[in-house]
Structures are given as C-alpha cells and as structure tokens.
Amino acid sequence: MNKFYHIVTYGCQMNVHESEKIAGILSDMGYVSCEEPENADIVVFNTCCIRENAENHAFGNIGMLKKLKSVKKDMIIAVGGCLPQQINKAENLHEKFPYVDIIFGTHNLHELRRLIELKQGRKKTVIEIEDSEGEICEDDRPLRTSYPNAWVNIMYGCNNFCSYCIVPYVRGRERSRDSKKIIEEVKGLIKEGYKEITLLGQNVNSYRGELTFPRLLEKIAQLDGKFRVRFMTSHPKDFSPELIDVMARYPKICNCLHLPVQSGSDSILKAMNRKYTAEEYLKKVEALKKSIPDCAITTDLIVGFPGETDEDFKATEELVKKVGYASAFTFVYSKRDGTVAAKMENQVPEEVSKRRIIELVELVNSQTRVLSATYIGKTIEILCEDYDPKRGLYLGRDEYGRMGYFESDEDVVGQFVMMKVEQANGVSLSGRLVV
Ligand code: SF4
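If you're wondering where the values come from, they're calculated on a predicted model, not measured in any experiment. (Residues numbered from 1 in each chain as written. Predicted model: local features only at pLDDT ≥ 70, side-chain atom pairs only at ≥ 80, totals over all residues. Heavy atoms only, no water.)

**Q** Hey, could you run me through the site of the ligand in this one?
**A** Around the ligand, the structure places Cys-158, Asn-160, Phe-161, Cys-162, Tyr-164, Cys-165, Val-167, Pro-168, Gln-202, His-235 and Arg-274. Tallied by class, residues from the shell around the ligand come to seven nonpolar, three polar and one charged. (Near = heavy atom within 4 Å. Nonpolar A, V, L, I, M, F, W, Y, C, P; charged D, E, K, R; others polar.)

**Q** So what exactly am I meant to see when it comes to the packing of aromatic side chains here?
**A** How two aromatic rings sit relative to each other is set out by the distance from centre to centre and by the angle between their planes. Going through the model one piece at a time under the given rule, you end up with ten aromatic pairs. Both rings, one in Phe-161 and one in Tyr-169, keep their centres 5.4 Å apart while their planes meet at 80°; by these two values the pair is edge-to-face. Ring-pair connections join several aromatic residues into one group, and the members of that group are Phe-59, Phe-97 and Tyr-99. Stacked on the ring of Tyr-31, the Lys or Arg Lys-3 has its end atom at 4.4 Å from the ring centre. The positively charged end of Lys-96 is found above the aromatic ring belonging to Phe-59, 5.0 Å away from the centroid. (Phe/Tyr/Trp six-rings, centres within 6.5 Å; stacked < 30°, edge-to-face > 60°. Lys NZ or Arg CZ within 6 Å of the ring centre and 35° of its normal.)

**Q** What is the right way to read the pattern of salt bridges from this model?
**A** Where side chains of opposite charge bring their charged atoms close, a pairing between them can arise. Applying the stated criterion across every chain yields a total of 33 salt bridges. Its salt-bridge partner being Glu-185, residue Arg-144 comes within 2.7 Å of it at the nearest N-O pair. With a gap of 41 residues between them, Arg-144 in the loop between β6 (126-128) and β7 (149-153) and Glu-185 in helix α7 (residues 179-192) connect regions that are remote in the sequence. With a relative accessible area of 17%, Arg-144 lands in the buried category. Here Glu-184 ties to Lys-187 by a salt bridge, and the two come within 3.6 Å at their closest N and O atoms. Of the two residues, Glu-184 and Lys-187 both sit in helix α7, three residues apart, roughly one turn of that helix. The structure contains a network of salt bridges with shared partners spanning Glu-196, Arg-228, Arg-230, Glu-385 and Arg-397. (Salt bridge = Lys/Arg side-chain N within 4 Å of Asp/Glu carboxyl O. Helix = DSSP H or I, 4+ residues; strand = E, 2+ residues; numbered from the N terminus. Buried < 20%, exposed > 50% of the residue type's maximum accessible area, 1.4 Å probe, protein only.)

**Q** Could you clarify how one ought to interpret the domain arrangement of the protein in this entry?
**A** Interfaces are often sized by the accessible area lost when the parts come together. For the protein, the assigned domains read domain 1 (3-128), domain 2 (146-254), domain 3 (276-373) and domain 4 (379-434). Tallying the contact residues gives 15 residues for domain 1 and 16 residues for domain 2. In this assembly, domain 1 packs against domain 2 so that about 1300 Å² is buried in total across both faces, 59% of it on carbon and sulfur atoms. The largest share of the area that domain 1 buries against domain 2 comes from Gln-13, Met-14 and His-17, three residues that together contribute 41% of it. (Domains from an automatic or database assignment. Contact = heavy atoms within 4.5 Å. Buried area = accessible area lost by both parts, 1.4 Å probe.)

**Q** Explanation requested: the sheet that holds strand β2 (residues 31-33) in the structure shown.
**A** Pairing between the strands of a sheet is mediated by backbone hydrogen bonds and can be parallel or antiparallel. Spatially, β2-β1-β3-β4-β5-β6 is the arrangement adopted by the six strands of the open sheet, whose pairing is parallel. Lying at the two open borders of the sheet, with one neighbouring strand each, are β2 and β6. Between one strand axis and the next, the sheet turns by 20° as a mean value, whatever way the strands run. Of the strands in this sheet, β1 (3-9), β2, β3 (42-47) and β5 (102-104) are in contact with helix α1 (residues 13-28), which crosses β1 at around 170°. Against the sheet, helix α2 (residues 52-71) makes contact with β3 and β4 (76-81), and its axis sits at roughly 170° relative to β3, the strand it touches most. (Pairing = 2+ DSSP bridges. Axes fitted to C-alpha atoms, helices over the stretch in contact; angles between N-to-C directions.)

The structure is reproduced here in structure tokens:
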C-alpha cells in the first residue's frame, strides 16, 4: 500500500528547490505525493523566516494540523528550513506545537530519511538543528516539479550581512559547489529534456568554484541543445563587466537580470550595509543597457527601513524612474530578531510605511504596464510551462520573464512556441500562436 507525503513550501526559489530535494528523499523511501494533508502519512513544512508574515503564515498552517493529528496519530509532521534554524526557534516551535514530530534545520535537510526513521522508533519529538554548515551534500536526487524549468544550486549561504537580513544567520557562510559537478548536472538536465536552467545562489556573483561565475555561466551557455539559462540573485556590488560581457555574447543566456537595489538613498544603503551607492548601482545598470539594450531588469525594494525619511523614499522613487524596471518585488521592512537593523532606533511608523509602499507599488506597476503595452503586435518566443484548465489556456514566459497566455489544440508544454501578442494585461500578455 502506498504511503503519501505532502510538502508545504514557503519563501524563495531556493526553498522551492529544497522542497524538490525533500520530495526526492521521501520518494526514495517509498512515499508518493498527494495534494491534501488529510491524505498524507507525512506532512513537511519547509519554512521561511525572511519576513515576519512568512513566519506567521507557517505558524498558522502548522497550528491548523493539530486537529488532524489528534485523529490521525500516526501521521508524521515535520517542520524544517529557515524558521527553526533561528536561535531558540526550534524550542519555541516545540513548546507551541508539541504534536510536531520532527524539527530540523537548514543544514540537516539531507538527513531527513534518518530523522524519519529515528522518529518511527520513539515517541519523543526529534529535534536536530546543526549549527555549522559542513560539507556540501552532493548525493541529493531532487524530484523536480517545475518541468520544463530546472533549478540548480551553484552555492549556498551568504557572507554579506545586509543589516536587515536573517539569511546569513540561518544559511551559514558561502560555500560554492564544484564547477564540474554543476556542469555535469546541467548536461544531464538538458539530456532529460529540461529547457530552462536557473542557477541559484544568494549571491551568484561571489561564486568561487574552480571557475568564476562568468566563466561557469559561459561554459553552461556553450553546451549543446536548445535551452535557456537564467541566474539569481546578483548582488549589485559584485555585478561585474565580465558578467555583462558573457551575457551579451551568448544568446542562450536570457536577457534579463534580477539586481536588487533595495533603496535609492545612499544613507539608507549605508545603514543597510549594501556596500554600493545609488550612483554606482546606476552606472552598472547603464553599462548593462549599453551592452544589452533590451535587457529586462527587475529588482527588490524595501520601504520603511529604520530612519528612512521622505527624502530617502523620494530618492528610491527617482532611482526606480531612472532604471525603468520590468517589474519589482516591493516590501515593507520587516524587523528580524538577531539582525543589526532590529536594534536600530527610529523605526518607521507603520502608517508611513504603508503610504510609501502603496505609492511605490503604483509607480512600479505603471512602468510594468507601459513596458507590457510595447509588446502588442510583436511576435515573441515563449517557453510553454503549463496549461491553466480554469482559463483553458497554455502559459509560459519569454526570455525577459514576461508571462504569455495562448490557446493551442496540441499540448505544447515544454516546447518553445512563437506567440503574436494581442493584449497586455499588466505583467502578463496574451496572444495567438504563429508558425
Ligand atoms: S546579500 Fe544581503 S539580502 Fe541577500 S541574502 Fe545575503 S545578507 Fe541577505
């Protein structure tokens, strides 16, 4: 009889990919995926703690399983990832949710099989939070769920200690994977039919294998086959002319770049410990646009960082206008215990942050709408990712990351298709297939 697993994932692409690794471990143990926790023999929460609401969301959902666990006593509930890796959080979790069976940290993921077996032999909650990162585990066999896209970790951890960010505390210091192993993994994925490879790291520009990041990217872009390659995330301080050069020379590298700026004010950037000024950032953007004029640039923006004045916020708006982002993730600053910024005085009142975020979202959306409108009438190449049964349409993205919807009589998931854009709806486009 089949045993079933259900994974709930919060947070970034890194976590999405780690959930694929968790799925790989569970599938090796004979578990099969299921849609509803009610049908599962094991439920795994792969958590995020980058913002308070991600944490609260996870707490809420773990709490909701209490009733189910009281009637389904053999069901295993495991909570892993960034949330329990924070100082004292595993103990808090255990106190708050004593019915959780396994609590594990970011450095224990590859040990999940052992932890499950350990739990099966005893009543007590299994809590394992490794403090130090240790060797990179190359044995994982992720059960990929995002065909035709494949995520590939090239490095783990972060050394940057941006003053608002919890990541270096829960993911440890930077560790880069062996370049040859990464290239072998990508080759294997292309052979299996994956059409889009996204190289992942907290700051891919500080990748230090046998190759530098631009050289690694170049080697991957030189591989045979019809596929695209993307990467994220790039810290602006390390974004280099060499990388621009490689991006410009290889058509397989998507003409799009996620370059988080966070703020347009130099004093806020300094307080954030970002190690670049607005002018330095803009110079890099200018160099990129000079080499790749149609490059779609996306970013992350934080409003309400401690001490942010109206002038600082205006500087952010000015920078957004100068760059002309294809899209942006906008956030209200979220205080994270243990970070330097959490101890800063002059925290910005909530109503001020709310006003600023509304204004910023409108600015970013208006840029996105203007850019989308320029697509109308053009024919673009889309990699079809899925079929949306509710809308009766296939969907996929172009190399710039823009989502396109279209009808097709045939199943074209995993294929590159040409779409004539007829309508632009904010961030997404719709049109018809052309040959
Ligand atoms: S670069 Fe900064 S924001 Fe990004 S993960 Fe590292 S510390 Fe966090």
